[in-house]
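If you want the building blocks of each chain, they are given just below.
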Amino acid sequence: MSSGALAVELTGQIGALPLALSMEARGSAGPVVIVGPNGAGKTSALMLIVGALKPRSGRIVLDGEALFDGARGVDVPVEQRRIGFLPQRYALFPHLDVLGNVMFGVGAAPRAARERRARAALRDVGVEELVGRRIATLSGGEAQRVALARALARGPRALLLDEPLAALDAGIRREVRAFLAAHLRTLGIPTVIVTHDRADAEAFAGQMLVLEQGRVVQQGSLAQLEAQPATLFTRQFVDHHGG
Amino acid sequence: MTPAGHSGGPPSIRWRWLWPAAAGVLALALLLLIALPLAALFLTTSPRALWQGLRDPMVGPAIRLSLITSTASLGLVLLTGTPLAWVLARRDGRLWRFVETMVQLPVVLPPAVAGVALLLAFGRRGLLGHLLAGAGAGIPFTRAAVVVAQTFVAAPFYVQAAVSMFRRVEPDMLLVARTLGASRPRVFFRVVLPLSRAGLTSGAAMSWARALGEFGATLMFAGNLSGRTQTLPLAIYTALESDLRTAQSLSLILLAVAFALLVAIRVGGRR
C-alpha cells in the first residue's frame, strides 16, 4: 500500500441495515464524495472508518497501516487513528473559546507550542482573528473554518466530512464551498465527503461513490455517472442542478 | 366555528369577575399555608431567645455530626453517582430504564419505608447483616448508618440531574474529541464534565440539602443517639420535647441553609 491512501473494504451491520463498503481515497487524487438517498448508510460509512462503529469484517488500511482487520483482530481505537472528522454541525466545544477548541486537538506539548500550532492552524484556514471568540458568537461559515482548523491542527492522516455545507445558510454556501474545495486540494491527504448536493459533488469530487441501502451501486467520476447512471437515484442526482 | 355554537349563551357580565377572584383566593390560600409557618419561625422568637436555644448542649454535636455526615454522603453520591449517571445516560433499553426508575424510587419512597428497607438489608438480621457483623462492621445505629441513610435518600437528586445533563451532550462532540486524540477518560473530564457543570452543581446542592434534612430513615436505621447519630433534624425532634427554643433555633439554621442553597441554585441555573 502506497503512502497517502485510505483503503476500505468492509461489511457492517447498522441496526437493520447490512452495509458493505469498498473504496479507496488517495491524497493525490482529490476527495471521494459519497452520495445516496437518506438512510443509505452514508454517515454510518464514515462512523465505521473513523472507528465509532465496529465493522463486522474486512479491512481499513491507512498509509499502509491496518486500522481495522477483522481476520487478524486489529481494531485501532478512535483516538489513535489520526483521522480528522468534521460532523454535520461541527460539534465545536461551547465551553472553550476558539483557540481552546483548536488547542484541544494539538496533542501533548508545552502550552506555548500548542498555542503556536493552534494559531497556525487557524491562520491556514484564514480565521486567525477569531482566536479569542466564544463559540456561540461565530457565524456558520466561521464555525466551519474553526472546526476545520481544529481537525487539521493535529496533522491528521485522512479527513472525513459529513455534509460539510448542510448547516449553512444557502446565501453563504457557495462561498464556503469554494473555499473548502480549494483548501482540501492543498492538503493532499485522503479525504471522504458525504453530501446530498450535486453542487458539492461538482466542487469536491475526484471520485464519486453512490451508496444505496448499504451497498455501493456505482463508482466513478461525476461525468461517468452522468453518462451512465446505474440507478434511478443516480439519474435524479446528476440531473438535479442548482442547490 | 359558527356564532350559533354557544347554546348556553355567554356568561353574564356580572359574573365575569368570579373566575379571577376564585383563582386569586385559592392561590392566596396556598401561599399563606407555605408562608405562614416560615414566618412563624422568625416572628415567634427574639435574638436572645435564639441565642439561649443554641446553648443547649446537644446543639454543638448535632451541628458537627450533620456537617460531617452530609458531607460524607455528598462525597459518596458524587463518587458513585457520577459514573452511574454516565452509564444510564449512554445506555438504552428496558433493563436500563428499569434501573433508572429504581434509582429514582427513593425520591417518592416514604422515609419510614426507607428505614425499614435499610434495616432489612444491612441490619443485624438483614440480607447482608451476617456478612457485615462477621467482618466486624455492623452498620445500624452508627455514624456509618447515618451516612448510608442520607446517601440512600439523597443520591437520586444528583443522579437524575447528572443523567439529564449527560444526555444533552452531543454524541458528535464526544466522537470529535476522540478523533482529536483524547482518550475516553480525557473526553469525560475535559468535555463532558465542563459541559455539565451547572447541572451537576445544582444537583449536588439539592442532594446535599436532602441529606442534611434526612430524618425518618435516619431515625429508624441509625437511631437518635446524642453525639453519635443525632443529626440536626433529630436534635430538633428531641428538643421539641424539652425546649422549644432550641428546636426553633436549630430550625432557623436549617431554614437559612436551605434558603441560601435554593437561591444559589436558581442564580447558578440562570447563568
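Bear in mind that the values here come from a model prediction, so they are computed numbers and not experimental data.

1. With respect to the overall build of chain B
For step 1, the next point in the chain: In terms of regular secondary structure, chain B is built from 12 helices and 0 strands.
For step 2, the next point in the chain: Taken from the N to the C terminus, the helices and strands of chain B come in the order α-α-α-α-α-α-α-α-α-α-α-α.
For step 3, the next point in the chain: Taken over C-alpha atoms, the radius of gyration comes to 24 Å for chain B, far larger than the 18 Å a tight globule of 271 residues would show.
For step 4, the next point in the chain: Dimensions along the principal axes, computed over C-alpha positions, put chain B at roughly 80 × 65 × 35 Å.
For step 5, the next point in the chain: Buried residues in chain B amount to 33% of all 271 residues.
For step 6, the next point in the chain: Counting only contacts in chain B whose residues sit at least 6 apart along the sequence, the fraction spanning at least 24 positions is 77%.

2. Focus on the overall build of chain A
For step 1, the next point in the chain: Along chain A, the regular secondary structure elements total 9 helices and 11 strands.
For step 2, the next point in the chain: The C-alpha radius of gyration computed for chain A amounts to 18 Å, which stays within 12% of the reference 18 Å derived for 243 residues, consistent with globular compactness.
For step 3, the next point in the chain: Here the C-alpha coordinates of chain A stretch approximately 50 × 45 × 35 Å along the principal axes.
For step 4, the next point in the chain: For chain A, the proportion of its 243 residues judged to be buried stands at 44%.
For step 5, the next point in the chain: In chain A, once contacts between residues fewer than 6 apart in sequence are set aside, the share between residues at least 24 apart is 66%.

3. What to know about the nonpolar core
Across soluble globular proteins, nonpolar side chains show a tendency to be buried alongside one another.
For step 1, the next point in the chain: By size, the foremost hydrophobic cluster in this structure holds 129 residues, and its most contacted members are Val33, Ile49, Val102, Ala149 and Leu160 of chain A together with Ala149 of chain B.
For step 2, the next point in the chain: Per-element accounting of this core gives the leading share, 17 residues, to helix α7 (residues 143-168) of chain B.
For step 3, the next point in the chain: The contacts of Val102 of chain A, once residues within four sequence positions are left out, are Ala118, Ala121, Leu122, Val146, Ala149, Arg150 and Ala153 of chain A.

4. Some points on the interface of chain A and chain B
Frequently, the measure chosen for interface size is the accessible area removed from exposure when the parts meet.
For step 1, the next point in the chain: At the junction of the two partners, chain A supplies 17 residues and chain B supplies 14 residues.
For step 2, the next point in the chain: Taken together, the elements giving at least two residues each to the side of chain A that touches chain B come down to α2 (78-81) and β7 (83-86) of chain A.
For step 3, the next point in the chain: With 3 residues, β7 of chain A is the single largest residue contributor to the side of chain A that touches chain B.
For step 4, the next point in the chain: When its residues are assigned to classes, the side of chain A that touches chain B shows 9 nonpolar, 4 polar and 4 charged.

5. Looking at the packing of helix α4 (residues 94-108) of chain B against α7 of chain B
Residues and elements named next belong to chain B.
For step 1, the next point in the chain: As a packed pair, α4 and α7 sit with axes 8 Å apart at the nearest point and diverge in direction by 120°. Comparing their axes, α7 and α4 come out oblique. Of the two possible hands of crossing, α4 and α7 adopt the one that is left-handed. Of the residues in α7, those touching α4 at Val103, Gln104, Pro106 and Val107 are Phe152, Val153, Pro156, Val159 and Gln160.
For step 2, the next point in the chain: Taken together, the residues that form the contact of α4 with α7 break down as 7 nonpolar, 2 polar and no charged.

Rules behind the numbers
- Residues numbered from 1 in each chain as written.
- Chains lettered and ligands numbered in written order.
- Predicted model: local features only at pLDDT ≥ 70, side-chain atom pairs only at ≥ 80, totals over all residues.
- Helix = DSSP H or I, 4+ residues; strand = E, 2+ residues; numbered from the N terminus.
- Rg over C-alpha atoms; globule rule 2.2 N^0.38 Å.
- Buried ≥ 20, exposed ≤ 12 C-beta atoms within 10 Å, placed from the backbone.
- Contact = placed C-beta atoms within 7 Å.
- Core = buried A, V, L, I, M, F, W, Y, C linked by C-beta atoms within 7 Å.
- Nonpolar A, V, L, I, M, F, W, Y, C, P; charged D, E, K, R; others polar.
- Axes fitted to C-alpha atoms, helices over the stretch in contact; angles between N-to-C directions.
- Parallel < 35°, antiparallel > 145°, perpendicular 65-115°, else oblique.
- Left-handed = near helix turned anticlockwise from the far one by under 90°.

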